[in-house]
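Given next are the chains, with one letter for each unit.
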Amino acid sequence: MKRRRPKTGEVYRHFKGKRYRVMHIALCAETNEEMVVYEALQGEGKVYVSTVEAFLRETNRKRYPDAEQEYRFELCEREPAREHREKTEVSEETLIMEFLELDENEDRAEFLMKNRGQLTDRFLTVAAESLEFVESAETVEERWAALMRFLKTKMKYESRRLR
């Protein structure tokens with residue numbers, strides 16, 4: 001039986017008992033494999049990455065004979081956690097307007113970092129055009145990274161010009 005892919009915001013319990021929230025489904029730049037980016041909901045809130053295949057794998061019974069779960073990670077909350085729901089309820093139009101109102105490149109870069117998981121093709125097109133940045137990347141992730149590099153370059157050289 002094939003298991004369904006994890007979705008952003010879902011909470012999974014690891015077979016050792018800790019809980020994790022899926023932050024993103026990403027692509028490995030080198031192998032093009034789908035990866036699950038997830039954060040611990042306890043402790044320091046560390047962020048981890050695993051292939052989707054490994055994330056959905058059965059628990060190794062030879063190594064962990066007393067494990068109670070059939071799979072390494074099992075879904076325990078189908079509905080995204082409240083803070084994630086609130087974060088994703090922000091419309092694309094709202095994000096665009098908020099970005100366009102920012103005056104400083106530092107603020108723009110911070111905004112892009114903070115809202116990374118919600119950015120759409122249309123948002124990135126509008127943001128790039130507003131900064132007179134010519135895009136050449138294809139995926140949303142590549143476009144986001146290129147826009148961040150552009151802003152960092154602008155911050156570096158524009159700050160020198162003021163001296």
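A quick note: this is a predicted structure, and the numbers were derived from the prediction, not measured. (Residues numbered from 1 in each chain as written. Predicted model: local features only at pLDDT ≥ 70, side-chain atom pairs only at ≥ 80, totals over all residues. Heavy atoms only, no water.)

Participant: For this particular structure, what's the right way to read the layout of surface pockets?
Facilitator: Empty space among the atoms becomes apparent when a probe as large as a water molecule is rolled across them. Reported here for the largest pocket is a volume of approximately 660 Å³. Forming the boundary of the largest pocket are 21 residues, of which I25, A26, L27, V140 and E141 lie nearest the centre. Within the residue set of the lining of the largest pocket, elements represented by two or more residues are β2 (19–27), β3 (34–40), α4 (105–114) and α6 (140–161). (1 Å grid on protein atoms, 1.4 Å probe; cavity = no way out; pocket = protein on both sides within 12 Å on 5 of 7 lines; lining within 4 Å. Points joined across faces, edges and corners; volume = space filled by probe spheres on them. Helix = DSSP H or I, 4+ residues; strand = E, 2+ residues; numbered from the N terminus.)

Participant: For this particular structure, what's the right way to read the sheet that holds β3?
Facilitator: Two pairing modes exist for strands in a sheet, parallel and antiparallel, and in both the strands are linked by backbone hydrogen bonds. Here we have five strands laid out as an open sheet, ordered β4-β3-β2-β1-β5, and antiparallel in their pairing. Lying at the two open borders of the sheet, with one neighbouring strand each, are β4 (47–51) and β5 (73–77). Sheet twist, expressed as the mean angle between neighbouring strand axes with direction ignored, is 40°. Examined bridge by bridge, strand β1 (residues 11–14) and β2 share three bridges and lie antiparallel to one another. (Pairing = 2+ DSSP bridges. Axes fitted to C-alpha atoms, helices over the stretch in contact; angles between N-to-C directions.)

Participant: Would you mind showing me how to read the environment of K2 here?
Facilitator: Residue position: K2 is located in the segment before β1. Residues K2 and L56 lie 54 residues apart in sequence; the distance between their C-alpha atoms is 9.3 Å.

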